Amino acid sequence: MPTLWIVGRSLSDPCFGALSGIKLSSQPEECDAAVVFAEGEGGNNLSILTNSVERMHAALSNIKQGAISRLMVVTNFKSLSGRRWKQHQSTWQSNLGASLDSVDGMGVLIVEVLAKSAALRGVEVFVLRQDEHNSDILGPWIKKTASLSTNEYTAMQDAQIPDLDGWVAMNHDPSGEFESAIDTLGWLR
């Protein structure tokens, strides 16, 4: 099993309880993959945007210098939660793109753009968007994502779907407002 570099959460966070057999580290050295928690803090000021973006920049800088080949980003729906798309349909889908309504949303969007840029440089990138910090979903998602082979990752790609075009982005949204090309709960079974 790989060693995961955890960025933006304490190693004692309850979501890591499901990661038996996986080593966790607060430093990037000797890690195979990184898990970056980039959810905004729900505020609406520039310091929140700066915090999310700086955390991601620092992680990517370390990824470039080391042997980390897989990046998992945990974020929220703030980059999608604006209501422009609501004029056309009631459920957001990947092809509808970003729809910001806050500074926090801009920070999340920038983090996702930075993650996509890492994918374009050959890093295997997974994004999980969720509103609530759900340990029951997050731990198993991290474990399965960390253990996928490169062939399994590549098989998930689909150039016709923006969230699967060169990276994999999934939504865990029990309300059903934000549809994902890959159903997170189904994928975890």
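For the structure, see preceding data.
An account of the accompanying structure is given in this report.

Some words on the packing of aromatic side chains
Consideration 1: The final tally for this structure, using the stated rule, is 4 aromatic pairs.
Consideration 2: Pairing Phe-16 with Phe-37 gives two aromatic rings, centres 6.0 Å apart and planes at 80°, and the pair type is edge-to-face. Of this pair, Phe-16 sits in the loop between strand E1 (3–7) and strand E2 (23–25) while Phe-37 sits in strand E3 (residues 33–37); the two residues are 21 residues apart in sequence, bridging distant segments of the chain. The residues Phe-16 and Phe-37 share a single accessibility class, namely buried.
Consideration 3: Above the ring of Trp-187, the side-chain terminus of Lys-144 is found at 4.6 Å from the ring centroid.

Looking at the nonpolar core
Consideration 1: Leu-4, Leu-71, Trp-141 and Ile-142 are the most contacted members of the largest nonpolar core, which has 50 residues in total.
Consideration 2: For this core, the secondary-structure elements that each account for two or more residues are E1, E3, helix H1 (46–65), strand E4 (70–75), helix H2 (103–120), strand E5 (124–130), helix H3 (135–147) and strand E6 (168–172).
Consideration 3: It is H1 that provides the largest number of residues to this core, a total of 6 residues.
Consideration 4: Beyond its immediate sequence surroundings of up to four residues, Leu-71 is in contact with Ala-34, Val-36, Met-56, Leu-60, Ile-63, Ala-115, Ala-118, Val-123, Glu-124, Val-125 and Phe-126.
Consideration 5: Ranked by size, the runner-up nonpolar core spans 5 residues in total, among them Phe-77, Leu-80, Trp-92 and Phe-178.

Structural notes on H1
Consideration 1: In a regular helix each residue adds 1.5 Å, so 20 residues correspond to 28 Å; H1 covers 29 Å between its end C-alpha atoms and thus fits that length.
Consideration 2: Within H1 the residues assigned to the buried category are Ile-48, Leu-49, Ser-52, Val-53, Arg-55, Met-56, Ala-59, Leu-60 and Ile-63. The arc that holds the buried residues of H1, viewed along the axis, is 150°, so those residues lie on one side. Residues Leu-46, Glu-54, Lys-64 and Gln-65 are exposed on H1 and point more than 90 degrees away from its buried face.
Consideration 3: Along its buried surface, H1 packs onto E1, E3, E4 and H2.

A closer look at the sheet that holds E3
Consideration 1: Strand order in the open sheet formed by 6 strands is E2-E1-E3-E4-E5-E6, with parallel pairing between adjacent strands. Each edge of the open sheet carries a strand with a single partner, namely E2 and E6. Pairs of neighbouring strands in the sheet enclose a mean axial angle of 20°, with direction left out of account.
Consideration 2: Running over the sheet, H2 touches E4 and E5 and is turned about 165° from E4.

Some words on the pattern of salt bridges
Consideration 1: Taken as a whole and assessed by the stated rule, the structure comprises 4 salt bridges.
Consideration 2: Measuring nitrogen to oxygen at the nearest pair gives 3.0 Å for the salt bridge that ties Glu-112 to Arg-129. One end of the pair, Glu-112, is in helix H2; the other, Arg-129, is in strand E5, and 17 residues separate them in sequence. The pair formed by Glu-112 and Arg-129 is uniform in burial state, with each residue classed as buried.
Consideration 3: Put simply, Arg-129 and Asp-163 hold a salt bridge, and the shortest N to O gap is 3.1 Å. Here Arg-129, found in strand E5, pairs with Asp-163, found in the loop between helix H4 (150–155) and E6; they are 34 residues apart in sequence, far enough to count as distant. The pair formed by Arg-129 and Asp-163 is uniform in burial state, with each residue classed as buried.
Consideration 4: What emerges from the salt-bridge pattern is a single network uniting Glu-112, Arg-129 and Asp-163.

Here's the deal with the state of the cysteines
Consideration 1: Within the structure shown, the criterion is met by 0 disulfides.
Consideration 2: The thiol of Cys-15 is not disulfide-bonded; the next cysteine sulfur, from Cys-31, is found 16 Å away.
Consideration 3: Overall, the relative accessible area of 1% leaves Cys-15 in the buried class.
Consideration 4: On the accessibility criterion, Cys-31 (3% relative accessible area) is buried.

Some words on the side chain of Ser-94
Consideration 1: You can see Ser-94 is positioned in the loop between E4 and H2.
Consideration 2: Residue classification places Ser-94 among the buried positions, given a relative accessible area of 11%.
Consideration 3: If near-sequence neighbours (up to four positions away) are discounted, Ser-94 is found in contact with Ile-161, Pro-162 and Asp-163.

Conventions adopted
- Residues numbered from 1 in each chain as written.
- Predicted model: local features only at pLDDT ≥ 70, side-chain atom pairs only at ≥ 80, totals over all residues.
- Heavy atoms only, no water.
- Phe/Tyr/Trp six-rings, centres within 6.5 Å; stacked < 30°, edge-to-face > 60°.
- Helix = DSSP H or I, 4+ residues; strand = E, 2+ residues; numbered from the N terminus.
- Buried < 20%, exposed > 50% of the residue type's maximum accessible area, 1.4 Å probe, protein only.
- Lys NZ or Arg CZ within 6 Å of the ring centre and 35° of its normal.
- Core = buried A, V, L, I, M, F, W, Y, C linked by side-chain atoms within 4.5 Å.
- Contact = heavy atoms within 4.5 Å.
- Expected span 1.5 Å × (residues − 1).
- Arc of directions from axis to C-beta.
- Pairing = 2+ DSSP bridges.
- Axes fitted to C-alpha atoms, helices over the stretch in contact; angles between N-to-C directions.
- Salt bridge = Lys/Arg side-chain N within 4 Å of Asp/Glu carboxyl O.
- Disulfide = S-S within 2.5 Å.

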